[in-house]
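Working through the structure, step by step
So you can see what is in the structure, the chains are spelled out below.
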Amino acid sequence: MKTFLYEMHKKLNLYILFFCLIMILLPVSAAKAEEREIRVGFANSSKMISSDTVGQDSEYKTGYGYDYLQDIASYTGWTYKYVYGEWSELFELLSEGELDILCGVSYSFARSTQMYFSQKPMGTEGYYIYVKGDNDDITADNIKSFDNKKIGINAGSDKVEKLRNWIILNGINAEVIAADGYNELKSGLMSGKYDAILDTETSENNQFIPIIKIDDSEYYFAISKKYPDIKDELEKAQDKLFSSDPYYNQNLQYKYYRNVSARKILDSDERKWLNRHMYINVGYLKHMLAFCDEDEETGEPIGVIKTIFDQSVNRFPGFSIKYKYHAYDNLTQMTNALKNEEVDCIFPFYGDKWYADKQNFSVTRMVVDSPIVAVYKENYTDKTMTRIAIKKQSNYQRIYAKIYYPKSKVVIYDTPQECIKAVKDGEVGATIFSAYRVDQVFNLSKYDDLKTVNLSSSVPLSIATNRSNTTLLSILNKIVLLSDDSEIMRTMMTYSNAKQNFSMSQFVRENANFIIICMSVTFLIVILLCSAQLNHVKKNRAELALAKEDAERANDAKSNFLARMSHDIRTPMNGIMGMTRIAKENVSEPKKVEFALDKIDSASNQLKNLINDVLDMSKLESGKTILSYEPFNINDIITNLRDVFSEAIAEKGIEFEIKKHNIIHEELIGSPLHIQRIIQNIESNAIKYNKPNGSLKIEIEELNAIEDMTRFRFTISDTGIGMSKEFTEHLFEPFSRENDNAGTEYMGTGLGMAITKELLELMNGTISVDSCQGVGTEFVVEIPLDINKNISPEKNEEKVLDNLSGIKILLVEDNEINAEIAKYILNGAGAGIELAKDGKEAVEAFYASKEYYYDLILMDVMMPVMNGYEATRQIRSLDRKDAKEVPIIAMTANAFTKDKQDAIEAGMNEHVAKPLDIKLLLRVISRYKDKISRFR
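Residues numbered from 1 in each chain as written. Predicted model: local features only at pLDDT ≥ 70, side-chain atom pairs only at ≥ 80, totals over all residues. Heavy atoms only, no water.

1. Notes on a nonpolar patch on the surface
The cut-off we apply is this: Residues enter patches when their relative accessible area tops 30% and they take part in no salt bridge; the joining distance is 9 Å for like charges and 5 Å for the nonpolar side chains Val, Leu, Ile, Met, Phe, Trp and Tyr. Computed with a 1.4 Å probe, the accessible areas rest on the Shrake-Rupley method; for each residue, only the protein chains presented here act as cover. Take a side-chain nitrogen of Lys or Arg and a carboxyl oxygen of Asp or Glu: if they are within 4 Å of each other, that pair is a salt bridge. The secondary structure listing takes helices from DSSP runs of H or I that are at least 4 residues long and strands from runs of E that are at least 2 residues long, numbered from the N terminus. Only protein chains enter the area calculation, which uses a 1.4 Å probe; residues under 20% of their type maximum are buried, those over 50% are exposed, and those in between are partly exposed.
On the surface, Val521, Ile525 and Leu529 cluster together to form a nonpolar patch covering roughly 260 Å² of accessible area. Within the secondary structure layout, Leu529 lies in helix α19 (residues 512-585). Among the residues examined, Leu529 registers a relative accessible area of 51% and is labelled exposed.

2. A closer look at the packing of aromatic side chains
To be explicit about the condition: Note on aromatic contacts: the rings of Phe and Tyr and the six-membered ring of Trp form a pair at centre separations within 6.5 Å, being stacked when their planes are under 30 degrees apart, edge-to-face when over 60 apart, and tilted otherwise. Only when the NZ of Lys or the CZ of Arg is both within 6 Å of the ring centre and within 35 degrees of the ring normal is a charge said to sit over the ring.
As enumerated under the stated definition, the model contains 24 aromatic pairs in all. With a centroid separation of 5.1 Å and an interplanar angle of 85°, the aromatic rings of Tyr68 and Phe221 are classed as edge-to-face. Of this pair, Tyr68 sits in helix α2 (residues 64-76) while Phe221 sits in strand β11 (residues 208-224); the two residues are 153 residues apart in sequence, bridging distant segments of the chain. Here Tyr68 and Phe221 have matching classes, each one buried. Residues Phe846 and Tyr854 carry aromatic rings whose centres are separated by 6.3 Å and whose planes lie at 20° to one another, so their mutual orientation is stacked. The rings of Tyr64, Tyr68, Tyr219, Phe221, Phe242 and Tyr248 are connected pair by pair, giving a single aromatic cluster. Over the ring of Tyr116 we find Lys231; its NZ or CZ atom is 5.9 Å from the centre of that ring. For the cation-ring pair, Lys757 lies above Phe732, with the distance from its terminal atom to the ring centre recorded as 5.6 Å.

3. Describing the sheet that holds strand β31 (residues 832-836)
The criterion, for reference: Here the rule is simple: two strands pair whenever DSSP picks up at least two bridges between them. Only the stretch in contact is used when fitting a helix axis, every axis being a line fitted to C-alpha atoms; angles between N-to-C directions are given from 0 to 180 degrees. Every residue pair with non-hydrogen atoms within 4.5 Å of one another is taken to be in contact.
What the five strands build is an open sheet, ordered β31-β30-β32-β33-β34; its pairing is parallel. Edge positions in the sheet fall to β31 and β34 (910-913), since each of these pairs with one other strand and no more. Each strand of the sheet is rotated relative to its neighbour by a mean of 25°, with strand direction disregarded. Bridge analysis of strand β32 (residues 856-859) against strand β33 (residues 888-892) gives three bridges, and the strand direction is parallel. Directly across from Ile857, in β33, lies its bridge partner Ile888. Contacts between helix α31 (residues 918-926) and the sheet are confined to β32, β33 and β34, with β34 contributing the most and set at about 175° to the helix.

4. Digging into the nonpolar core
The nonpolar side chains of a soluble globular protein tend to be buried with one another. Basically, it comes down to this: Think of a nonpolar core as a cluster: buried Ala, Val, Leu, Ile, Met, Phe, Trp, Tyr and Cys residues, connected wherever their side-chain atoms sit within 4.5 Å.
Judged by nonpolar contacts, the single largest core of 62 residues is most densely connected at Ile280, Phe291 and Ile432. Among residues more than four places away in sequence, those in contact with Ile280 are Trp273, Leu274, Ile321, Lys322, Tyr323, Lys324, Asp344, Cys345 and Leu472. Phe645, Ile654, Phe712 and Leu785 belong to the second-largest nonpolar core, a separate cluster that totals 37 residues.

5. Quick notes on the confidence of the model for the protein
Here is the rule we go by: pLDDT expresses how confident the predictor is about each individual residue, on a scale running from 0 to 100.
On average, the protein scores 81 in pLDDT, and the residues at 70 or more come to 79%. Per-element confidence in the protein is highest for strand β12 (residues 280-285), whose mean pLDDT is 95, and lowest for helix α1 (residues 2-34), whose mean pLDDT is 45. This stretch, residues 1-6, has a pLDDT under 50; its non-local contacts, to residues over four places away or in other chains, come to zero contacts. Across residues 498-503, confidence stays below pLDDT 50; counting only partners more than four residues off in sequence or on other chains, it has 16 contacts.

Below you can see the structure in the form of C-alpha cells.
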C-alpha cells in the first residue's frame, strides 16, 4: 500500500511539474503567435513612402505612409512587406487577397463594394491642375485659357468625374484624356501630349507648376475584404493613436507636405501686389543676434532674418522676390517706420495678438519660438521674480513680464548690460532674455555669482505688417510656412552659444546635504502613500477603469460629433455659397441658374434639418421638451407618413406599403407631432439607407385596450444596408453613426435615433430593433395613448382657401431678408401686405388703422424694441372691437411645443414655424374665415 501511494505521489508531482512548464511556455507561444506580416501596397505616384531605390525595398525608408504604418505597428505588433506598383495593379491584388492593405486611397461607393475602408481617414489632400514651368498660356486669372486644351488624368483616379464637372461648371471647352499610369502622365506633360494634368497637392516635381485647385479629398487605408480582422485591428490602433494625439494627421502632414508644390501658389491678388512693388522693404533691429543685426563691413543683415528671406527669393514659380533691408537702433524707430509706411514689414516682433492689435499691426505665423532665460543671483526663490529688470526698448521682455509675472515690479534700464548690473548689485531679483541671446548679452565668466534658469514659457517671434496690408500678410505667411526649419535652427546655433554657468556635478556638490534630505523624505512619503493606498486601489481599479472608458467614449463621441458637425454644416454652406456665385455669374444662362437654384434649395433643406436635430437634442437633454396633450385621429398620422417622403421614395424606386391591423379606436389623445416625428425619423432612415428599388413597409396595429387607454404598435421594416449587431447596441446614443466615412454619402448628425429614444421615454413608449447587414432592418415602436371618448359631432370638411386675394395682412418682421421672402410668398398668393419692423411699430400701425382694416396679423416673436408676445398683448388690450377678433398668427423660427404654448397664452391664435409654407398658412387662415371681412 505504501509503495502504491509513493508511486501515485511521484506521478502527481510529475503532472504538476509538466503543468507548470506548459503555463510558463504558453505566454511565449502566444507572443510569437501575435507576430503577423502585413502586405502593404504603395502606388508609385502616391508619395506615401520614400526609399533609396524607387519601387524597391531598401535599407532606409521614410515618408507619410511609412511613418503612419510604423505608429500603427506600435499598437498591433505587425511587421510589413511592401509591394509597389500602379494603382490599377494594386487594386487588383487587393481584391484578390494578395495584398492586405493599400495606403492613400480615396473613398467612393463603388470602391467600398470591393474593399474595406478604415473608419478614420489617413489625411486630406487637394487636387490641382499643373502645367509645365515654361507654360505661360494657361493661367488661373483667365479661366478661358483652358479652352481647347488637353488635360491628362490618371486612368485609375476617382477624380475623372470631378474634373469633368469642374470643366462644365466653368464653361470651359477642354478635353480630358486618361493616362495609363502616373509615369505616362508625367512624361505626357513634358512631351506636350497634355497641356495640363490633374495631380495631388503632394506632387514634388519642380518642373510642374500648380495653377488652380479643383477639389479636396480625404484618403484612407483600404483593406482587403478577405481580412476583416485586419480592418478591426487597424481601426483600434487608429483610435489609440488619435486618443494620445488628436492632431496626429495634421502634424504628420505638416512634417512631410508643408513644402510641396501646391503650397507655392500665389493667388491673383498676391501676384498683382508683387508686380506693383519692385521690392519688399523689410525693417529689422540692430544688435539682436541671433535674430538679426547689421554686418559692420557690408551693411547687410545677418541672422535669422537673412535666412528666411533668402530662402524665399525664388520659392514661387514665375516670381523672383527682391528685398530692401532697413536697420534700426531701437524698437520705437522700427515700429514708427512701419506705421509711417517707410517699410512694408518688420522683424522680430512679439507674436502676441493683443500686443499687435494695440499697434494696429498684423503678425504672421510664428517664425521662431524663443525660450526665455532668467538671470539671477544666489538662490532662486519665490521672491526672485518680484522685481524684474527690463531693457527700455524690448517689447517681448515687457509683455512677457506682464503676462507671466503680473504682480512683479518692472524696473526699466537703458541697456542689457545695465539690467545685468542691476541683478549683480541687488537692485532687482532677476532680468530676462531670450535663450538665443543670453551669450550675446554678457559673458558669465565675468559674473561668477550670477546664475541662469530656463523659464516655463517661451516667446513667439513673428514678422509684423500694417493691418491694412492684408495681401502682403498672406505672402509673408506663405514665406514663413515654406521656410526650412533646419536652416533656421542652424542659423540660431551659429549666432548664439548660450550656456549654463555651472555643471550638474557642481550643483550636486554644492547642495549634497539638501538633496540627500529631500530624497530621503520623498522616499519615506512614497512608501507611506503606497502602503495606505494599495488596498483601496485594488478594490476600485475595475470601477475606475470602467469609468475612464465611459468618459473617454463620451469625450470621443462629442469630439467626433463636433468634427462631423463642422463638416456637415460647412458642406451645405459651401454649396449654397458656391452655387450662388455660379448663378450670379451665369444670369444669362437659365439652365445653369436653374441648376444652381436647385442645389441651393437642396443644401438649405439639409442645413435646416441639421440645425433642427441639434436643437431638438439640446431641448431633450436639458429636460425642456414638453409633450402636448390634444385630440387627434390616427389616420391623419398615417396620411402624413405616406405623403411626406413620397418624392424621395419615388426617386429611389422604393416599393412602399402601409398596412393597418385591428385598429378599433381612431380618435385618440396624445402628442401627435412628436409621434409623427418618431416614426418619420425611422422612416427617413429606412429611405436614406435603402437600396435602389428596395422595399419599405409600415404596419400600424392597435393592441389590447384597457378602459380609457390603448397601445399602438408601429413596425417599420426595410431592405436597406442594415447594421451590425455591435452597432445596434450603441444605435440610440447621441452622435452615433456606424461608419464615419459614410458621412459624405448619407448626410446627418447621428442624432435622429437618440431623439427618437428620448421622445419615446417621455411618452412611456418602447423601441426595439432587429437588423442584419446587407439584408435590412426592422424597428418596432409601441406607444401608449388615451382614447378620446368626447368626440364632437362630425363637422363638414372645411374648404381650404386656394389664395389670399382681397386679404389685408399686417406683416411684423424685423429681419429684412425674412420680410422680403414673406412678402414675396404672400403677394404671390394675392394678399395685400403692410410691413412693421418691430412689435412697437405693429401696435402703432394697428391703433392708427380703421376698425377691421387688417384682416390678419403675421407676428414674428424675437424682435428688438418690443417682442411679438408683448405686441400681441397690447393689441388685444386696445379698446376696439377688432382688437379682440383679428387673427394673430405667430410666424417664428421657434418651433418647440413650449413656444406654441407661449404664443397662445400671449393672445395669438396660431403658431406657424419658419420657413413659411404657403400651403400650411392657407390651411391655418381657413380656420378663421368667419373673422375675415372678405368672407363675412
